[in-house]
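# Per-entry structural report
Letter by letter, the chains look like this.
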Amino acid sequence: WRGREGAPYSTRVPSDEVTINYRHGLPVITLMLPTRSERCQFTVKPAVTTVGAFLQDVQREDKGIERAEVFAMDGTKISDGTLMEVLLMNDFKLVINNTAYSVSPPVKDKLSSEHATEIEDIKSLVHRLFVALHLEDHQIKKERELLQKLDHLKGELLPLEQMKARITDSADAKTSRLLWVGLALMSTQGGALAWLTWWVYSWDIMEPVTYFITYGSAMAFYAYFVLTKQDYIYPQAKDRQFLHYFYRRSKKQRFDVERYNKLKDDLAEAEESLRRLRQPLHLRLPIQEINDKD
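In this text the structure is predicted, and so the values were computed from the model without any measurement.

This paragraph deals with the overall build of the protein chain. When helices and strands are counted, the protein chain shows eight helices and seven strands. For the protein chain, the share of sequence-separated contacts (at least 6 apart) that also reach a separation of at least 24 residues comes to 58%. Counting only carbon and sulfur atoms, one obtains 56% of the accessible surface of the protein chain, whose full area is about 20200 Å².

The next thing to look at is the pattern of salt bridges. Per the stated rule, a full pass over the model turns up six salt bridges. For the salt bridge of Asp-57 with Arg-60, the shortest nitrogen-to-oxygen distance reads 2.7 Å. In this pair, Asp-57 and Arg-60 both sit in helix H1 (residues 51-61), three residues apart, roughly one turn of the helix. You can call Asp-57 partly exposed: its relative accessible area is 32%. Its relative accessible area of 49% is what places Arg-60 among the partly exposed residues.

Before going further, it helps to examine the pairing of strand E3 (residues 26-33). Burial within E3 is extensive, with six of its eight residues counted as buried. When strand E2 (residues 18-23) meets E3, the two strands line up antiparallel, connected through six bridges. Bridge pairing in E3 links Asn-21 to Val-28. Hairpin remark: E2 followed by E3, antiparallel, with two residues in the connecting loop; positive phi at His-24, about 55 degrees. One ladder, built from six bridges, connects E3 with strand E4 (residues 38-43); its direction is antiparallel. Its bridge partner lying in E4, Met-32 is registered against Arg-39. Between E3 and the antiparallel strand that follows it, E4, lie four residues; Ser-37 among them carries a positive phi value of about 55 degrees.

So, on to the packing of aromatic side chains. A full pass over the atoms with the stated rule returns five aromatic pairs. Judged by centre distance (5.8 Å) and plane angle (85 degrees), the ring pair of Phe-246 and Tyr-247 falls under edge-to-face. With 6.4 Å between their ring centres and 85 degrees between their planes, Phe-246 and Phe-255 make a pair best called edge-to-face. By the burial criterion, Phe-246 is buried, and Phe-255 matches it.

Moving on, we come to the UniProt feature "transmembrane region" (unreviewed entry) in the protein chain. Here, UniProt's "transmembrane region" (unreviewed entry) annotation points to residues 178-197 and 209-227. Within the segment residues 178-197, helix and strand shares are 100% and 0% respectively, and the terminal C-alpha atoms sit 28 Å apart. Taken end to end, residues 209-227 is 100% helix and 0% strand, and its first and last C-alpha atoms sit 27 Å apart.

If you trace the three strands from one edge of the open sheet to the other, you get E2-E3-E4, paired in antiparallel fashion. Strand pairing shows two members of the sheet lacking a second neighbour, E2 and E4, which therefore form its edges. Within this sheet the neighbouring strands show an average axis-to-axis angle of 25 degrees, counted without direction. Lying over the sheet, H1 contacts E3 and E4, oriented at roughly 145 degrees with respect to E4.

Helical periodicity: at 3.6 residues per turn, an α-helix aligns residues three or four positions apart in one direction. The terminal C-alpha atoms of helix H6 (residues 234-253) lie 29 Å apart, and with 20 residues this matches the ideal 28 Å at 1.5 Å per residue to within 8%. Among all positions of H6, only Ala-237, Phe-242, Tyr-245, Phe-246 and Ser-250 are buried. Note on H6: the residue one or two positions beyond its end, Arg-254, has a positive phi of about 60 degrees.

A word on the layout of surface pockets. Empty space within the largest pocket amounts to approximately 710 Å³. Around the largest pocket sit 20 residues that line it, and Leu-179, Gly-182, Tyr-232, Tyr-234 and Ala-237 are the ones nearest its centre. For the lining of the largest pocket, the leading source of residues is helix H4 (residues 116-200), giving eight residues. When grouped by side-chain class, the residues that make up the lining of the largest pocket number 12 nonpolar, six polar and two charged.

Reading the values: the criteria
Residues numbered from 1 in each chain as written. Predicted model: local features only at pLDDT ≥ 70, side-chain atom pairs only at ≥ 80, totals over all residues. Heavy atoms only, no water. Helix = DSSP H or I, 4+ residues; strand = E, 2+ residues; numbered from the N terminus. Contact = heavy atoms within 4.5 Å. Areas by Shrake-Rupley, 256 points an atom, 1.4 Å probe, with all protein chains shown as cover. Salt bridge = Lys/Arg side-chain N within 4 Å of Asp/Glu carboxyl O. Buried < 20%, exposed > 50% of the residue type's maximum accessible area, 1.4 Å probe, protein only. Pairing = 2+ DSSP bridges. Phe/Tyr/Trp six-rings, centres within 6.5 Å; stacked < 30°, edge-to-face > 60°. UniProt positions renumbered as here; feature names shortened; annotations may be inferred. Axes fitted to C-alpha atoms, helices over the stretch in contact; angles between N-to-C directions. Expected span 1.5 Å × (residues − 1). 1 Å grid on protein atoms, 1.4 Å probe; cavity = no way out; pocket = protein on both sides within 12 Å on 5 of 7 lines; lining within 4 Å. Points joined across faces, edges and corners; volume = space filled by probe spheres on them. Nonpolar A, V, L, I, M, F, W, Y, C, P; charged D, E, K, R; others polar.

See below:
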């Protein structure tokens with residue numbers, strides 16, 4: 001087997017020359033330093049360490065190493081920018097000076113099953129450290145965003161609230177006038193029936209009249225139920241009439257009820273998020289996890 005310049009390399013069998021073992025979820029590469037004649041271990045981080053960085057560490061450890069390269073089993077040179085995680089997926093040859101070592105990394109599936117518990121423990125520890133170190137910054141940033149959102153929503157709602165207050169006062173006044181008009185009409189009707197019964201006609205004549213008036217009132221209440229699908233209950237009838245006046249007045253003054261309701265919902269949601277952000281800090285959780293638990 002020859003290198004790039006055609007010089008023959010002596011290939012050694014991968015017995016104990018270059019070995020790879022996993023310790024705490026990280027690969028540990030053990031090899032023999034040619035000048036110092038001693039074995040040395042190199043712990044690499046597969047996700048961030050490149051082949052070039054690993055070879056530099058080897059050459060830095062033994063100043064007598066003039067050339068350190070990595071080749072695939074078919075003789076193709078591995079780029080220095082390749083991550084160790086990719087390199088450890090297949091067998092490869094490590095060339096140090098004029099000696100080539102055949103390296104067979106452990107099977108990844110077996111390693112993942114053996115070190116799954118240790119890796120999960122490390123991930124959990126890293127997560128807890130991240131939360132402990134960044135919780136305060138996260139809370140301050142999120143609180144500032146919510147306060148800015150609240151100020152923006154309140155600024156948009158202020159003119160709408162003023163317009164709504166004027167429309168509400170007008171609709172409430174019209175509804176109250178209608179109720180007083182109804183009371184006046186009922187009082188007038190009762191007085192007229194009493195006058196006709198005792199001063200103009202007798203009860204024998206007015207009895208059928210009052211019967212049909214009562215029957216006509218029952219028909220009116222039934223018609224109200226047919227049209228509105230609600231019983232004629234005075235508070236509900238008053239609220240219905242108020243809404244009728246309110247929406248009619250809103251349409252005349254071009255008051256956007258849907259936009260107002262949307263802003264009110266957004267404001268309530270922002271206030272609730274701010275309350276939850278400030279209240280459960282003793283749990284030491286970021287706001288995303290708090291929302292998930294709710």
